[in-house]
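Single-letter residue listing:
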Amino acid sequence: MTRVLTDEEIARFRADGVIKIPRAVDPATAEQMLAAVDRLLASPASRGGTGMDRHLHPHDEEFRSFLHTTDLPAVAAQALGSQAIRIYFEQIFVKGPEVDRPFHWHQDHPYWPIRGAQVASTWVALTSSSVEASALEFVKGSHLWGKTFRPSNAAPGEMPDFDAMNQMWDNFGDLALSYTDVIEPFEERPDRFDIVGFDVEPGDALLFDYRIVHRSRGNGSPNRRVAVSWRWLGDDARWAPVPGTDPVIWTDDTWLQPGDLITDDDTFPLVYKAV
Ligand SMILES: O=C(O)CCC(=O)C(=O)O
């Protein structure tokens, strides 16, 4: 492990729910990752880098290699205070130039059949991007609010299209309706909410708790924005398959029973263990 977080970075991750790790991935590897993304985007099965190109390591040797050739899992372990790290899935997010497709404020937590406090993502930028051109923004400290906000495909204040959500995957709209707290336009209340965004260069990583509220704006810039999110599970992560959560790994894929600590090495490979 060559990239080690400082005590200050760890404390900030735990208090704010997010940190930027400049050059978490070296330039040559970031270039290799970008080429791997382009290879996937060119395949007939690609969903266009919308976030639905995901769970790559089981089928893609190159993405499997990134789990072992980067420091990302070790850094996640340090930030989460976890002895071990497992991969849940990885996910490609591409926004072409002049593409007005914001990801509205959301938490990842309600989307996933996973519970626990030691769960985080590293979003690795593979192109340069500014916050105005869709690099991520976060509501600082929101991972500690003890709130789960309703997942929504609409802007804050607008009604979600629950039918469209049910078509995205089974019961997703119904799951969303089961949550009563709704996302607000947090950016309009700087007196109450502390919003932080990060401009990024290729290889920079944003490490964030899966409960933190985050978003990306549309990309009005003339440049493409490409990132990959790796989703990490720490020691206390438990299997919690509720209908409507992301089916990318579902009950048929694992022998785990609801409430079990995630210990299934085949479906959730171990990618880091403290020595
Ligand atoms: O890249 C984006 O625009 C969204 C990424 C995101 O929400 C995530 O990685 O959880």
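Owing to the predicted nature of the structure, the values given are computational and were not obtained by experimental measurement.

Peer 1: Explain the pattern of salt bridges to me, and be specific about the residues and the numbers.
Peer 2: Inspection of every chain in the model, using the stated rule, returns 15 salt bridges. The salt bridge partner of arginine 86 is aspartate 265, with a shortest N-O separation of 2.8 Å. In this pair, arginine 86 is assigned in strand β3 (residues 84–95) and aspartate 265 in the loop between β12 (238–239) and β13 (270–273), connecting sequence segments 179 residues apart. The shortest N-O distance in the salt bridge between aspartate 108 and arginine 231 comes to 3.5 Å. Placement of the pair is aspartate 108 in the loop between β4 (103–106) and β5 (114–115) and arginine 231 in strand β11 (residues 225–233), with a sequence separation of 123 residues. Each member of the pair, aspartate 108 as well as arginine 231, is classed as buried. Salt bridges sharing partners connect three or more residues here, namely Glu137, Glu187, Arg215 and Arg217.

Peer 1: With reference to specific residues and values, describe the site of the ligand.
Peer 2: Among the 13 residues in the neighbourhood of the ligand, the closest are listed as Trp123, His214, Ser216, Arg225 and Ser229. Contact between the ligand and aspartate 108: an oxygen atom at 3.0 Å from a side-chain N or O atom of the residue. Burial of the ligand by the surrounding chains reaches 99%, relative to a free accessible area of 300 Å². Judged by the proximity of its atoms to the pocket grid, the ligand belongs to the largest pocket. Those elements that place two or more of their residues in the shell around the ligand are β3, β4, β10 (214–216) and β11. Among the elements that line the shell around the ligand, the one with the most residues is β11, at 3 residues. Grouping the constituent residues of the shell around the ligand by class yields 5 nonpolar, 4 polar and 4 charged.

Reading the values: the criteria
- Residues numbered from 1 in each chain as written.
- Predicted model: local features only at pLDDT ≥ 70, side-chain atom pairs only at ≥ 80, totals over all residues.
- Heavy atoms only, no water.
- Salt bridge = Lys/Arg side-chain N within 4 Å of Asp/Glu carboxyl O.
- Helix = DSSP H or I, 4+ residues; strand = E, 2+ residues; numbered from the N terminus.
- Buried < 20%, exposed > 50% of the residue type's maximum accessible area, 1.4 Å probe, protein only.
- Near = heavy atom within 4 Å.
- Polar contact = N/O pair within 3.5 Å; in protein donor to acceptor, adjacent residues only side chain to side chain.
- Areas by Shrake-Rupley, 256 points an atom, 1.4 Å probe, with all protein chains shown as cover.
- 1 Å grid on protein atoms, 1.4 Å probe; cavity = no way out; pocket = protein on both sides within 12 Å on 5 of 7 lines; lining within 4 Å.
- Sits in = over half its atoms within 2 Å of the grid points.
- Nonpolar A, V, L, I, M, F, W, Y, C, P; charged D, E, K, R; others polar.

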